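# A look at the structure
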Amino acid sequence: MASIFETVPGAPADIIFALTAAYKADTDPKKVNLGVGAYRTEEGKPWVLPVVKKADHIMVDDENLDHEYLPILGLEGFRKASAKLILGADSKAIAEGRVGAAQCISGTGAVFTGAQFLSRHYPIKGAACYISNPTWANHRAIFEGVGIPVHEYPYWNPETKGLDLTGMLATMESAPSGSIFLIHPCAHNPTGVDPTPDQWKQIADVMERKGHFTFFDTAYQGFASGSLDKDAYSIRYFVERGFEMFIAQSFSKNFGLYSERAGNLTVVARTPEIKDHIESQIAKAQRAVISNPPAYGSRVVSLVLNDEKLYKEWEENLSTMANRIIAMRQALFEELTKLGTPGTWNHIVDQIGMFSFTGLKKNQVQVLKEKYHVYLTDNGRISMAGLNTKNVKYFAAAVDDVVRNV
């Protein structure tokens, strides 16, 4: 008997996870994984943050903790602390009761939750979501998946290896008023290129004039520069300007809770009443998708964010991660400079966060994989966390070879 699903086509494998699988299957001792966006130590190992270990022990010893369902919108202490973290303890919007939040399945779930809400309740029917070119692949998949058309705005300038502000602003100007713009507030993925404060002002000016809706996706607060406040600058600036917005937050990177899926959607509304209505609709939708979110990751984050001593230790852990990545940027830049590798490489140190957009071409990346067993995405993006003092010279020499000869 034929299957009722006989005509279902196979879907392509996810690029990042397929890259990791290829790396794991490679038996070459010199292999290097620069694909996955996860922090690694100098020894190339995953790192459980010391403050997370402390939180684990505290929770294990807490006889009042149980495994009952969380509320549909999640752990209240987590939600409030997440909003305070991104908006600031002195946020006027929080003081005015205009800020809501929903615990989600990490940053991916937060983007989905916001996109799903907009697909059902955004007043401008047929409004498109504009995403940066390039961006995280899931952005397009999520918005198209909920039926919102997706367009792109220029972001990366391959000539300067920096921000294409002119192209970005031109697209914002030409887009129909009231369009949705998904924006990376810091540590842009995949380019590592962020606007300056003056450029953020120009972006906000156009967004305000055109009445566009701002949807921030922040996965690297504190992880990018090592400063939680600095990495939240753009979001807080937009809030001060009076924008309504959604903010998707992930705690995968800055807490190292990759598999625990701890995320939050912060909502900044015009009034407390509108905030309540939005939260109620998100709760209704979330009930039908996940019923209620998982407890472990949110409890870890809530415990740390709401304890002054643990919070301070977390900031120290963040500095450890951010500083190691900054050091690897400098080391790679210095090695390429020593080798006299053709081209300019200052963008390696100018960029920020987990990733660097190297400017390497697809055919050069292919040689890096096949000849040198270095794994990175075809667009030339590398995870700086995959570099360490033991492999940075090897990688630089490999890059020098493909730039000269491929």
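Treat the numbers as computed from the prediction; the structure is a model and nothing was measured.

### Remarks on the sheet that holds strand β2 (residues 99-105)
As summarised here, the arrangement of the 7 strands in space is β2-β10-β9-β8-β7-β3-β4, forming an open sheet in which the pairing is mixed. Two strands bound the open sheet, and with one partner strand each, they are β2 and β4 (150-154). Within the sheet, the average angular offset between the axes of one strand and its neighbour, ignoring direction, is 25 degrees. Where β2 meets strand β10 (residues 262-268), 7 bridges bridge the pair, whose relative direction is antiparallel. From the neighbouring strand, Q103 faces β10, where its bridge partner is N264. Packed on one face of the sheet, helix α12 (residues 272-289) meets β2, β9 (245-250) and β10 and runs near 15 degrees to β2.

### Quick word on the pairing of strand β8 (residues 213-218)
Counting buried positions along β8 gives 6 out of 6 residues, so the element sits mostly inside the fold. Here β8 shows no split at all, with F213, F215 and D217 on one side and T214, F216 and T218 on the other all buried. Alignment of strand β7 (residues 180-183) against β8, held across 4 bridges, turns out to be parallel. Residue pairing for β8: F181 is matched across the bridge by T214.

### Considering the state of the cysteines
Scanning the entire structure with this criterion turns up 0 disulfides. With no disulfide of its own, C104 lies closest to C129 among cysteine sulfurs, the gap being 16 Å. Overall, the relative accessible area of 1% leaves C104 in the buried class. No disulfide involves C186; its sulfur sits 18 Å from that of C129, the nearest cysteine.

### Some words on the side chain of Q199
Looking at the element boundaries, Q199 is found in helix α8 (residues 197-210). Taking the relative accessible area as the measure of exposure, Q199 reaches 18% and is therefore buried. Residues in contact with Q199, not counting those within four places in the same chain, are L163, L165 and D194.

### So, the nonpolar core
Grouped together as the largest cluster of nonpolar side chains are 55 residues, with contacts concentrated most on F255, W314 and L332. For this core, the secondary-structure elements that each account for two or more residues are α2 (50-60), α3 (76-87), α13 (296-305), α14 (308-339), α16 (362-372) and α17 (392-405). Broken down by element, the residue count for this core peaks at 9 residues, all from α14. Each residue touching F255, except ones within four places of it in the same chain, is listed here: L49, V52, V300, V301, V304, L305 and W314. Judged by nonpolar contacts, the second largest core, of 35 residues, contains M168, A175, I203 and M207.

### A look at a nonpolar patch on the surface
Taken together, the side chains of I4, F5 and V8 present a nonpolar region at the surface, about 390 Å² in accessible area. On the accessibility criterion, V8 (55% relative accessible area) is exposed.

### Quick notes on the side chain of K369
The residue K369 is located in helix α16 in this model. Looking at K369, the relative accessible area reads 17%, which means it is buried. In contact with K369, other than residues within four places in its own chain, are L19, V374, Y375, L376 and D378.

### Considerations on α13
Of all 10 residues making up α13, 8 are buried, and the element is well covered by its neighbours. Buried within α13 are the following residues: G297, S298, R299, V300, V301, S302, V304 and L305. Where α13 is buried, its residues touch α2, α3, β2, α11 (252-255), β10 and α14.

### Digging into the packing of aromatic side chains
Throughout the structure, instances matching the rule amount to 24 aromatic pairs. For the pair Y220 and F223, a centre-to-centre distance of 6.2 Å together with 55 degrees between the ring planes defines the contact as tilted. Using a relative accessible area of 4% as the deciding quantity, one classes Y220 as buried. Between F251 and F255, the aromatic rings sit 5.8 Å apart at their centres with planes inclined by 75 degrees, giving edge-to-face as the arrangement. Comparing F251 with F255, the two get one shared label, buried. The rings of F117, Y122, F143, F213, F215 and F246 are connected pair by pair, giving a single aromatic cluster. The lysine or arginine in question, K31, covers the ring of Y23, its NZ or CZ lying 4.5 Å from the ring centre. Above the face of the F355 ring, R381 is positioned so that its terminal group lies 3.7 Å from the ring centre.

### Describing the environment of A397
For A397, the location among the structural elements is in helix α17. Judged by its relative accessible area of 37%, A397 falls in the partly exposed class. Along the chain, A397 and R140 lie 257 residues apart, while their C-alpha atoms are 35 Å from each other.

### Remarks on the pattern of salt bridges
Tallied over the full model, the rule gives 21 salt bridges. Among the ionic pairs, D229 bridges to R236, the shortest N-O distance being 2.9 Å. Taking the shortest distance from any N to any O, the salt bridge between E335 and K338 comes out at 3.9 Å. Of this pair, E335 and K338 both sit in helix α14, separated by 3 residues, roughly a single helical turn. Residue K338 is classed as exposed on the basis of its relative accessible area of 65%. Residues participating in the shared-partner salt-bridge network are K201, D205, E208 and R241.

Cut-offs and rules
Residues numbered from 1 in each chain as written. Predicted model: local features only at pLDDT ≥ 70, side-chain atom pairs only at ≥ 80, totals over all residues. Heavy atoms only, no water. Pairing = 2+ DSSP bridges. Helix = DSSP H or I, 4+ residues; strand = E, 2+ residues; numbered from the N terminus. Axes fitted to C-alpha atoms, helices over the stretch in contact; angles between N-to-C directions. Contact = heavy atoms within 4.5 Å. Buried < 20%, exposed > 50% of the residue type's maximum accessible area, 1.4 Å probe, protein only. Disulfide = S-S within 2.5 Å. Core = buried A, V, L, I, M, F, W, Y, C linked by side-chain atoms within 4.5 Å. Patch = residues over 30% accessible without salt bridge, like charges linked within 9 Å, V, L, I, M, F, W, Y side chains within 5 Å. Areas by Shrake-Rupley, 256 points an atom, 1.4 Å probe, with all protein chains shown as cover. Salt bridge = Lys/Arg side-chain N within 4 Å of Asp/Glu carboxyl O. Phe/Tyr/Trp six-rings, centres within 6.5 Å; stacked < 30°, edge-to-face > 60°. Lys NZ or Arg CZ within 6 Å of the ring centre and 35° of its normal.

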